[in-house]
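Next come the chains, spelled out residue by residue.
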Amino acid sequence: MDKNRTYRIAVASGKGGTGKTLVATNLADMWSVDRELLLVDLDVEEPNDALFLSVVPEPAQTQFKMIPEWNSDRCTLCDICTEVCNFNAIARMGEYIIVFEELCHSCYACSGLCPTDALPMKPRRMGELQIAKREQFYFIEGRLDIGQEQAVPMIRKVIQTVDKRQDIPDLQLFDCPPGTSCPVVNAVHTADLVILVTEPTAFGLNDLQLAVETMRSMNKEMGVVINRDGIGDDAVQRWCDASGIEVIATIPYDSQLAYAYAKGKLSWKTNSRLREALEEIIAYVSEKMKTHV
Amino acid sequence: MFEIVIISGKGGTGKTTVAASIAVLEKDNSVIADCDVDAANMHLLLKPDRSKKEKYFSGKTAVIHANNCTACGKCAEVCEFDAVLVKDGIYSIDPFFCEGCGYCARVCPDNAIEMLDADSGYLFESVTRIGSPMAHARLHPAADNSGKLVAEVKNRAKRMAAESAKEYIIVDGAPGIGCPVISSLAGASYVILVTEPSTAALHDLKRLVALLQKFKLKAGCLINKAELHPEMVQQIIQYLEKEKIDLLGILPFDQAFPDAIAAAKAVVETNEHMKKLMASIWENTKSKLKAV
């Protein structure tokens, strides 16, 4: 695949539960009628996209992260490893070296700097990756194992897989985790455009402001989608107008849409207001793609 | 002292609404800890005064001093996080991706790399408009949230509870099942799971329950927005029975909730019916808690 032609859209939000998955799944399913595209579920702690999609996944691929494993025969107890680890993931207890896997960031410092090769890096399971394909619709999901603390290594693994595969469409939609910290930063970092989904409440506005600040600090181009319009006020719209952030589309609150979502159903075929909003998003993105180099 | 941790797996199910309501119902005998540090909302409802503010540093970030750098490239070779940038032969560190491991600084033959404390945000100790103490934080946008800040917020809340002899710490947690959530669960006396009858929320709840079972934590569940999918409410109730999780109560899908947020109040302050429902949920929680 010609990497220069890929166009990557991240759907993110700040606040959880504003409608990222609703937008990402309906948009991907609807758009894939016209063209090939890839949807990636990067909310690896709680991946939900697959619940809404009628796709049959290929067998899951186990994903690993690299963790040092102590070799007592080679170790001279020089203490370099415990000293270099900035994450307190290695400790010495008498004549034993203990590795705390959950604290390890897989930086290789202890392993690489060990003078006797007593800490070789070994793969440890952290989660699963699933790939599914249906006509023009490609889907990849990352799923962190329960009890694993760090989402970032899994998110990076999924993005690396997307980057490496040759058979993946140029148009790529990333459904991101909520928040404004490291998981989101890693999920959006390769995106050409970020779509921030929010709701017209004080919570939605507060978290949108944080998300916009985050995206600005990363120099990301972005637009906003207001979901559940009608449940609150117009403060989000006014703030976007005043801050020079384009509101790409507004999805009016509709109880039928909420019921369908609760049942795990896509709504773009039956809900004309949602379809109109998605058409606006597609028109907006298509325009951006024309000028993308 | 009891620590009540309110979490949900999926975002947007009503954690903050529930936490704020309990905080109001128990205002004379509780401390609030907002542990959803990268999308904190509790301050919008409880108006903490931020009377005590301190800077929060989390880990380290590498900086390359160009004057000493000979562009040997060793740093880029060892960095596992693609955080070393090279532009026109000039090396620099991308602070968004630097994990602060310091491997680059250790292998640099010219001592050109310095590890600086990463300024990650602020920690606050406050008194809220309802008179109760509150510990909270503000993470800088795009900063690293390793769960350490969550632990700092909780430690302050515990200290404030001890100093003011309060019986309950009400912890508003983050979505997901990763480090901020695991960190908010450390030391929990009881966990309140806030869910809604939707396919996605139930999926996420199940992953969260599996996490709680790993830590052998006692939990109860509150089903919010019941009208979204009434049949699924029954399905959730059966699931809770099977997993031995207390059913604490059911809340309706009602405009009273967004209206309360718009008024910057907890719903128990704006709606008598919701106040009754929340009070019964909180009484149930206390009775389960004391039976633990």
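Residues numbered from 1 in each chain as written. Chains lettered and ligands numbered in written order. Predicted model: local features only at pLDDT ≥ 70, side-chain atom pairs only at ≥ 80, totals over all residues. Heavy atoms only, no water.

**Examining the domain arrangement of chain B**
Here is step 1 of the chain: Structurally, chain B comprises domain 1 (2-47 + 128-291) and domain 2 (60-119).
Here is step 2 of the chain: Of note, the centres of domain 1 of chain B and domain 2 of chain B, computed from C-alpha atoms alone, are 41 Å apart. (Domains from an automatic or database assignment.)

**Re the interface of chain B and chain A**
Here is step 1 of the chain: Contacts between the two partners involve 60 residues from chain B, matched on the other side by 56 residues from chain A.
Here is step 2 of the chain: Together chain B and chain A conceal approximately 4,900 Å² of surface at their shared face, both sides included; 59% is due to carbon and sulfur atoms.
Here is step 3 of the chain: Seen at the junction of chain B and chain A, the total is four salt bridges.
Here is step 4 of the chain: Across the salt bridge formed by B:Arg106 and A:Glu83, the nearest N and O atoms sit 3.9 Å from each other.
Here is step 5 of the chain: Counting the contacts that link chain B with chain A gives 26 residue pairs in polar contact (both at pLDDT 80 or more).
Here is step 6 of the chain: Breaking the side of chain B that touches chain A down by element, the ones donating at least two residues are α2 (42-46), α4 (103-107), β7 (133-139), α6 (179-185), α7 (199-214), α8 (230-242) and α9 (256-262) of chain B. (Contact = heavy atoms within 4.5 Å. Buried area = accessible area lost by both parts, 1.4 Å probe. Salt bridge = Lys/Arg side-chain N within 4 Å of Asp/Glu carboxyl O. Polar contact = N/O pair within 3.5 Å; in protein donor to acceptor, adjacent residues only side chain to side chain. Helix = DSSP H or I, 4+ residues; strand = E, 2+ residues; numbered from the N terminus.)

**Considering the packing of aromatic side chains**
All names here are of chain B.
Here is step 1 of the chain: Taken as a whole and assessed by the stated rule, the structure comprises five aromatic pairs over all chains.
Here is step 2 of the chain: One aromatic cluster in this structure is built from Phe2, Tyr168 and Trp282.
Here is step 3 of the chain: It is lysine 53 that lies over the ring of tyrosine 122; its NZ or CZ is 4.3 Å from the centre.
Here is step 4 of the chain: Sitting over the face of the ring of tyrosine 239, lysine 206 holds its NZ or CZ atom 5.5 Å from the ring centroid. (Phe/Tyr/Trp six-rings, centres within 6.5 Å; stacked < 30°, edge-to-face > 60°. Lys NZ or Arg CZ within 6 Å of the ring centre and 35° of its normal.)

**Details of the sheet that holds strand β3 (residues 61-68) of chain A**
All names here are of chain A.
Here is step 1 of the chain: The nine strands lie next to each other as β3-β6-β7-β2-β8-β1-β9-β10-β11, forming an open sheet whose pairing is mixed. Whereas interior strands pair on both sides, the edge strands pair on one side only; in this sheet they are β3 and β11 (247-252). Recorded for the sheet is a direction-independent mean angle of 20 degrees between the axes of neighbouring strands.
Here is step 2 of the chain: Inspection of the sheet shows strand β9 (residues 193-198) paired to strand β10 (residues 222-229) by five bridges, in the parallel sense. Looking at the pairing, valine 194 lines up with methionine 222 of β10. (Pairing = 2+ DSSP bridges. Axes fitted to C-alpha atoms, helices over the stretch in contact; angles between N-to-C directions.)

**Some points on helix α8 (residues 235-243) of chain A**
Residues and elements named next belong to chain A.
Here is step 1 of the chain: Three or more residues of α8 are buried, namely Ala235, Val236 and Cys240. Mapping the buried residues of α8 onto a view down its axis gives an arc of 135 degrees, with all of them on the same face. Relative to its buried face, α8 has exposed residues pointing more than 90 degrees away, namely Asp241 and Ala242.
Here is step 2 of the chain: Against β9, α7 (202-217), β10 and β11 lie the buried residues of α8.
Here is step 3 of the chain: Just past α8, the residue glycine 244 takes up positive phi, approximately 70 degrees. (Buried < 20%, exposed > 50% of the residue type's maximum accessible area, 1.4 Å probe, protein only. Arc of directions from axis to C-beta.)

**Let's talk about the packing of α7(A) against α8(A)**
How two helices sit against one another is set out by the angle between their axes and by the gap between those axes.
All names here are of chain A.
Here is step 1 of the chain: At a minimum axis distance of 10 Å, the contact between α7 and α8 shows a crossing angle of 25 degrees. For the element pair α7 / α8, the angle class is roughly parallel. Handedness of the α7/α8 crossing: right-handed. Contacts between α7 and α8 pair Leu205, Leu208, Gln209, Val212 and Arg216 from the former with Ala235, Val236, Trp239, Cys240 and Ser243 from the latter.
Here is step 2 of the chain: Counted by class, the contact of α7 with α8 contains seven nonpolar, two polar and one charged residues. (Parallel < 35°, antiparallel > 145°, perpendicular 65-115°, else oblique. Left-handed = near helix turned anticlockwise from the far one by under 90°. Nonpolar A, V, L, I, M, F, W, Y, C, P; charged D, E, K, R; others polar.)

**Considering the domain arrangement of chain A**
Residues and elements named next belong to chain A.
Here is step 1 of the chain: Each assigned domain of chain A is listed here: domain 1 (3-63 + 127-290) and domain 2 (70-119).
Here is step 2 of the chain: Of note, the centres of domain 1 and domain 2, computed from C-alpha atoms alone, are 39 Å apart.
Here is step 3 of the chain: Counting residues at the interface gives four residues for domain 1 and four residues for domain 2.
Here is step 4 of the chain: Counting the surface lost from both domain 1 and domain 2, the interface buries some 300 Å², and carbon and sulfur atoms represent 23% of this.
Here is step 5 of the chain: Ranking the residues of domain 1 by area buried against domain 2 places Gln148, Glu149 and Gln150 at the top, with a combined share of 91%.
Here is step 6 of the chain: Here domain 1 and domain 2 share zero salt bridges between them.
Here is step 7 of the chain: Where domain 1 packs against domain 2, one counts three residue pairs in polar contact (both at pLDDT 80 or more).
Here is step 8 of the chain: Tallied by class, residues from the side of domain 1 that touches domain 2 come to no nonpolar, three polar and one charged.

**Description of the sheet that holds strand β3 (residues 52-64) of chain B**
Residue and element names in this part refer to chain B.
Here is step 1 of the chain: Strand order in the open sheet formed by nine strands is β3-β6-β7-β2-β8-β1-β9-β10-β11, and the pairing between neighbours is mixed. Of all strands in the sheet, those with a lone pairing partner are β3 and β11 (246-250), marking the two edges. The mean inter-strand angle of the sheet, taken between neighbouring strand axes irrespective of direction, is 20 degrees.
Here is step 2 of the chain: Where α7 meets the sheet, it contacts β1 (2-7), β9 (190-195) and β10 (219-223), and its direction lies at approximately 165 degrees from that of β9.

**Some remarks on the pairing of β9(A)**
Residues and elements named next belong to chain A.
Here is step 1 of the chain: Of all six residues that make up β9, six are buried, and the element is covered over most of its length.
Here is step 2 of the chain: By the alternation rule, side chains of β9 split into Leu193, Ile195 and Val197 and Val194, Leu196 and Thr198, which are all buried.
Here is step 3 of the chain: Note: strand β1 (residues 7-12) against β9, four bridges, orientation parallel. Its bridge partner lying in β9, alanine 10 is registered against valine 194.

**Overview of the pattern of salt bridges**
All names here are of chain A.
Here is step 1 of the chain: Tallying each qualifying case throughout the model produces 36 salt bridges over all chains.
Here is step 2 of the chain: Ionic pairing is found between aspartate 163 and arginine 8, a salt bridge with its closest N-O pair at 2.7 Å. Of this pair, aspartate 163 sits in helix α5 (residues 152-164) while arginine 8 sits in strand β1, and the two are 155 residues apart along the sequence.
Here is step 3 of the chain: Owing to a relative accessible area of 31%, aspartate 163 belongs among the partly exposed residues under this scheme.
Here is step 4 of the chain: Judged by relative accessible area, which is 5%, arginine 8 ranks as buried.
Here is step 5 of the chain: We note a salt bridge from glutamate 287 to lysine 290, for which the minimum N-O separation is 3.3 Å.

**Remarks on the pairing of β10(B)**
Residues and elements named next belong to chain B.
Here is step 1 of the chain: With five of its five residues buried, β10 lies for the most part within the structure.
Here is step 2 of the chain: Alternating positions in β10 separate into two faces, Ala219, Cys221 and Ile223 on one and Gly220 and Leu222 on the other, with burial throughout.
Here is step 3 of the chain: The pairing of β9 with β10 spans five bridges and is parallel. Pairing of isoleucine 192 across the sheet is with glycine 220, part of β10.

**Notes on the side chain of A:Arg8**
Here is step 1 of the chain: Of the polar contacts made by the side chain of A:Arg8, one reaches the side chain of A:Gln172; its length is 2.7 Å.
Here is step 2 of the chain: Leaving out residues up to four positions away in the same chain, A:Arg8 has contacts with A:Ile159, A:Val162, A:Asp163, A:Gln172, A:Phe174, A:Thr190, A:Ala191, A:Asp192 and A:Leu193.

**Focus: the nonpolar core**
Here is step 1 of the chain: If you look at the biggest cluster of nonpolar residues, it comprises 57 residues, and the most contacted ones within it are A:Ile140, A:Val188 and A:Leu196.
Here is step 2 of the chain: If sequence neighbours within four positions are ignored, A:Ile140 has contacts with A:Leu38, A:Leu39, A:Val40, A:Asp41, A:Leu129, A:Gln130, A:Ile131, A:Val158, A:Val162 and A:Ile168.
Here is step 3 of the chain: Listed in part, the 45 residues of the second largest apolar core include B:Val171, B:Val191, B:Leu208 and B:Leu240. (Core = buried A, V, L, I, M, F, W, Y, C linked by side-chain atoms within 4.5 Å.)

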